[in-house]
Amino acid sequence: MSTTTMALEIADPYAQALMSLAKDQQLVERFGEDAQSVLETLGSSQDLQQFLANPLIEGDAKKAVLQQIAGDGWHPLFINFLKLLVDRGRVLFLEAVLKQYRELLRQLNRTVLAEVKAAVELTEEQKSKVREQVAALTGAEQVELEVSIDSDLLGGVIIKVGSQIVDASLRGQLRRLSMQLNASV
């Protein structure tokens, strides 16, 4: 069993429980915003990730740090959920749980996640066009973009939606042109 599969098996029931709580309390979108905030914080702080993953640090210290980071920004029920993960020894899977919650939220809202790799930062107009194309391709009501810059790309974009990949990069276009030329010879 791969590490990713194991993390998903552990994360999914917790994400489902968080979604159930959010629905009961009518806080689905709020928890989604809080989850995104935590994911961004974790993504920008390797030290925080290591601190939370360290088994030698007591749970109370981890809960205190999470409470301090949260301040007044995160909903108290959401913070209690994070503390529950610490108590259950599952804080190591915090990122996986919150990503899975965000995926459940996208399903609920009929939204798809499009991972976009671009050679340069995209303008708002370009992002809007990508959203329109992905919505037309998938039939989704909304499209959430996760844009990253890939300096290896010569130009254009590569869009990944689920297991589907649309290569609109310059390299991809040149590769297709080369294959067409070789096929016609």
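Residues numbered from 1 in each chain as written. Predicted model: local features only at pLDDT ≥ 70, side-chain atom pairs only at ≥ 80, totals over all residues. Heavy atoms only, no water.

> In this structure, what is going on with the confidence of the model for the protein chain? I would like to understand it.
Note: predicted coordinates in regions of low pLDDT should not be interpreted at a detailed level. On average, residues of the protein chain score 87 in pLDDT, and 97% of them are at 70 or above. Considering each helix and strand of the protein chain separately, the mean pLDDT is smallest for helix 8 (residues 170-184), with a value of 77, and largest for helix 5 (residues 76-87), with 94. (pLDDT = per-residue confidence, 0-100. Helix = DSSP H or I, 4+ residues; strand = E, 2+ residues; numbered from the N terminus.)

> Help me understand the packing of helix 3 (residues 46-53) against helix 4 (residues 59-70) in this model?
For any two helices packed against each other, the geometry is given by the interaxial angle and the distance between the axes. Where helix 3 meets helix 4, the axes come as close as 9 Å, and the angle between the chain directions of the two elements is 145 degrees. The element helix 3 and its partner helix 4 pack so that their crossing is left-handed. Here Leu48, Phe51, Leu52 and Ala53 of helix 3 lie close against helix 4, whose contacting residues are Ala61, Lys62, Val65, Leu66 and Ile69. For the contact of helix 3 with helix 4, the per-class residue count stands at 8 nonpolar, no polar and 1 charged. (Axes fitted to C-alpha atoms, helices over the stretch in contact; angles between N-to-C directions. Left-handed = near helix turned anticlockwise from the far one by under 90°. Contact = heavy atoms within 4.5 Å. Nonpolar A, V, L, I, M, F, W, Y, C, P; charged D, E, K, R; others polar.)

> When you look at the packing of aromatic side chains in this model, what are you seeing that I'm missing?
Two aromatic rings are characterised by how far apart their centres lie and by the angle between their planes. Considering all chains together, one arrives at 2 aromatic pairs under this definition. An angle of 55 degrees between the planes, with centres 5.7 Å apart, marks the rings of Phe31 and Phe78 as tilted. Of this pair, Phe31 sits in helix 2 (residues 28-44) while Phe78 sits in helix 5, and the two are 47 residues apart along the sequence. Assigned by exposure class, Phe31 and Phe78 land together as buried. Between the aromatic rings of Trp74 and Phe78, the centroid separation amounts to 6.3 Å while the plane-to-plane angle is 80 degrees, which identifies the pairing as edge-to-face. Side by side, Trp74 and Phe78 carry an identical accessibility label, which is buried. Site record: aromatic cluster; members linked through ring pairs are Phe31, Trp74 and Phe78. (Phe/Tyr/Trp six-rings, centres within 6.5 Å; stacked < 30°, edge-to-face > 60°. Buried < 20%, exposed > 50% of the residue type's maximum accessible area, 1.4 Å probe, protein only.)

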